[in-house]
Each structure stands twice: as C-alpha cells, then as structure tokens.
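The residues making up each chain are set out below.
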Amino acid sequence: MAGIYIHIPFCRRRCGYCDFNTYAGFSHAIPAYVKALCREIESVASSQKDNSPIQTIFFGGGTPSLLNIQQFGEIFQHLHDSFDIAKGAEISLEANPGTVNQEYLAQLHQLGFTRISFGMQSTHPQDLAVLDRQHQFSDVVNAVAWSQLTGFSHINLDLIFGIPGQSLSRWQETLHLAAGFKVDHLSLYALTIEEGTPLALWNKKGMLEIVDDDLSAEMYQTATDQLRLAGFEQYEISNWAKKRADGLDARCRHNLNTWRYQPYFGFGAGAHGFIGHTRTANVEPIPVYLTRMQDPIGAWPAAEEVEELTLWEEMQEWMMVGLRLTNEGISQQVFLDRFGIPCEAVFAKQLNKCIHAGLLEKMGDQQDRLRLTPRGRLLGNQVFMEFVGNDPPGELNLDQ
Ligand code: SF4
C-alpha cells in the first residue's frame, strides 16, 4: 500500500499561528513550481525498482487550492505517466474555505479528487481573529455546500481547540455546527504556540488569554463525548470518522496508511517521504527546490536528508505511530511478521509500565492488539515517548 504526498507551499497570507513550510507573496512562482513538481515525480519514479500501485495521493500545504485546474491537470498527467495509480485510489486536497467556488470544486471532482479537507478551525469570529485567519465562517458554509453539490462525498473539516480566549461553550458550539454540516470526517488539533510566529510574539507581550492544560484536556474530552453522540467514531488521537449509512469507510486512507507504517513518496518543497527503509526530507525554500529541479540528479533529487533507518529505529517508529490509532492500535502478530521478533520481547519494559499505569490495554480474542485506554489518549505523548529515544534491550542484537 504505497501513497504519495505532494506539498504545495503557497498561501495568500500567513496565519499568525502557522509554522508550516509555506510562503506568502510567492504566487508568481506557482507555474514554475508545478513544472518542478512534474520533473521530481518523473525523476523519482524512474529510479524506483518497486512499482506497487499507488493507493492514495494527498495534496497538502500551504494552500493547494491556490493552483488552477490546468496546473492540477498537468500534475495528474505526470503522476499517471510515472506511477501505477490504482483504480479507486483516494485523492485528497487540502483547501482554504475562502479560496474555492462551486465551478472550481466541480472541476476538481471531475479531474479525479475524491476527498476534500477544509481548514475551518472555528465558527467564532473572535477565534478566527486570534488565529489571524483570512476566512469567515460563512466561507465554510459555502465551501461545504458547494462540495456536497458537486459530488464530494468525503469531506473533512479541521478544527482547533485551546485558542486563546476560547471558552468551553464556544468550543462546544464549533463542534455542534461542524458536526451539523453532514461532513463525514473531522480532525481536531490542540493549538500550540510555535516559537517565531506572530502568535508567540503576542503571547510574550501578554496580549493573549491562554487556555490552560486542564481546560484544554476538558475540551478534548468534551469533543470525544459530543462527537460520539453525533455519530462520529474516533479512530486516531486527532481524527474522527462518521459512521455512514451507505457503509463507505470515512477514514482518511492516506493518513491511515501512514499510521500503519506503510510507504509513501513525498514530493515538493519540504515534503517528507518513507520508502523501503529510507526516510527523505526535501529542501524547504521554494527557490532552492526550483533550482534543484532544473536538472534533477540521483534517486532523491530534491532531498536534503536521506536517512536509512535501522531495524531498531523502525521498531520504535512503528510503535509510536501505530499507537496513535485509538481503535485498532497495533497488532503484535503484524509486528512479528514485519520484524521477525515478538513485540513483547523488544518492548517488555515499556509495555508493562504503560499497561500497569492504565495507559495501554490488550484487546481482541487473542489479546493480540494493544491500544491506548481512554486515559492513555489524554496522555498520548507520554506513552509515545516511552517507545523512542531508548537503546535496544541489551540481550537483543538489533543493530542491522
Ligand atoms: S492557511 Fe494553513 S498553511 Fe497557510 S498560513 Fe494559514 S495555517 Fe499556514
């Protein structure tokens, strides 16, 4: 199950809390960037021995919806020419609510996009102002309605909680309205104030009414309860999928594959990939990326980092990402099949500690699966950190 992630690092304006690899005032570079992307796609594909079908493609950003239909058409053409794209592949687009109209969405759907994700963040103008977002709630209302009208049956909304000044009741109102849109997926993120952002500066100046950890935890718990009542099932720490009457699976297949530790290519400035045992990280600045792609050289022509993971590193990562899946968790049998050694032999100390502390539980008929308990979900980072940064158990020779 391989996927492709394509990074589109352009935004009309930077939001005050954002530290993603994205640039405002660079829209003039979009045509050259699309050409560069196509060259990277061709170049990387031609160096691959394994031509497994691509099951998912995800355009993230930045604001991918700043590209026009012709530009997406050009990228699609190169993807189809270079890779075996599986029939029924999930093709997702991240979009900003204020950047789409009905005609554009219809064209995206016709081109082959199967899923769209909007950065809604909050319904409340005060929250949107603190986040320094450009869109209004009415833009979300229109974007969702147009998406539904033009045939998108998989629609996600991103929401943020813990916004300075946000009350519990205001967060509940956002959840209520988001669930009421009849979308089939919601992603919920706790706001973090990142160094170097305008939000961090406002915070240093004492201009923000910070939400404390207790209220933030209460907001998360509230979301869990409220969304369950609204027919959503939590399947990952930050992700909820609607139980659909038509039986379609609303979970994001692309991200699901990442948490299941499946391979994916990363194309574009700052994109990350994981193929075989290799992790790649592309150069971030757009001009550097464009220069590299004028004459792509080597298997990973845009990468500034190419890292071969050891077996031990893979085992640690596998645990860390797999435990994010709150329902299915990890399968000890799959671990054994993949790494040739029982999970409990490698992580005995960590597993015992987390199970004993009520953070992890065994489940299934064979007690094969391990997943976070409700308490473990609240303390997820604490659990994940147990599995990284350690030396392998001394008695095991994992240095391969
Ligand atoms: S739209 Fe998204 S990627 Fe762009 S600046 Fe705002 S938060 Fe960052």
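Residues numbered from 1 in each chain as written. Predicted model: local features only at pLDDT ≥ 70, side-chain atom pairs only at ≥ 80, totals over all residues. Heavy atoms only, no water.

### Structural notes on helix 2 (residues 69–82)
Then comes step 1: For helix 2, which comprises 14 residues, the first-to-last C-alpha distance of 20 Å matches the rise-based estimate of 20 Å (1.5 Å per residue) to within 8%.
Then comes step 2: For helix 2, the complete set of buried residues consists of Ile-69, Gln-71, Phe-72, Ile-75, Phe-76, His-78, Leu-79 and Ser-82.
Then comes step 3: The elements touched by buried residues of helix 2 are strand 1 (2–8), helix 1 (30–46), strand 4 (54–61), strand 5 (85–95) and helix 3 (102–111).
Then comes step 4: One side-chain oxygen at the N-terminal end of helix 2 lies 3.2 Å from the backbone nitrogen of Gln-70; it belongs to Asn-68. (Helix = DSSP H or I, 4+ residues; strand = E, 2+ residues; numbered from the N terminus. Expected span 1.5 Å × (residues − 1). Buried < 20%, exposed > 50% of the residue type's maximum accessible area, 1.4 Å probe, protein only. Contact = heavy atoms within 4.5 Å. Polar contact = N/O pair within 3.5 Å; in protein donor to acceptor, adjacent residues only side chain to side chain.)

### Quick notes on empty space enclosed by the protein
Then comes step 1: Across all of its chains, the model carries one cavity of 30 Å³ or more by this definition.
Then comes step 2: Taken as a whole, the largest cavity holds about 50 Å³ of empty space.
Then comes step 3: Taken together, Glu-40, Val-44, Phe-265, Gly-266, Phe-267, Gly-273, Thr-280, Asn-282, Trp-300 and Pro-301 make up the lining of the largest cavity.
Then comes step 4: Going through the elements one at a time, helix 1, strand 11 (264–267) and strand 13 (278–282) are the ones with two or more residues in the lining of the largest cavity.
Then comes step 5: Among the residues making up the lining of the largest cavity, the classes are represented as five nonpolar, four polar and one charged. (1 Å grid on protein atoms, 1.4 Å probe; cavity = no way out; pocket = protein on both sides within 12 Å on 5 of 7 lines; lining within 4 Å. Points joined across faces, edges and corners; volume = space filled by probe spheres on them. Nonpolar A, V, L, I, M, F, W, Y, C, P; charged D, E, K, R; others polar.)

### Focus on the nonpolar core
Then comes step 1: With 109 residues, the main nonpolar core has Ile-6 and Phe-59 as its most contacted residues.
Then comes step 2: Top element by residues in this core is helix 1. It accounts for nine residues.
Then comes step 3: Both domain 1 (2–256) and domain 2 (323–386) contribute no fewer than three residues apiece to this core.
Then comes step 4: Apart from residues lying up to four places away in sequence, Ile-6 is in contact with Leu-37, Ile-41, Ile-57, Phe-58, Phe-59, Gly-60, Ile-75, Leu-79 and Phe-267. (Core = buried A, V, L, I, M, F, W, Y, C linked by side-chain atoms within 4.5 Å. Domains from an automatic or database assignment.)

### Let's talk about the sheet that holds strand 17 (residues 369–372)
Then comes step 1: A sheet is described by the order of its strands in space; here three strands give the open sequence 15-17-16, paired in antiparallel fashion. Across the chains shown, the open sheet's two edge strands, defined by having one partner strand only, are strand 15 (330–331) and strand 16 (360–363).
Then comes step 2: Direction of pairing for strand 15 relative to strand 17: antiparallel, over a ladder of two bridges. Its bridge partner lying in strand 17, Ser-331 is registered against Arg-369.
Then comes step 3: Along the sheet, helix 14 (residues 348–356) makes contact with strand 16 and strand 17, crossing strand 16 at roughly 100°. (Pairing = 2+ DSSP bridges. Axes fitted to C-alpha atoms, helices over the stretch in contact; angles between N-to-C directions.)

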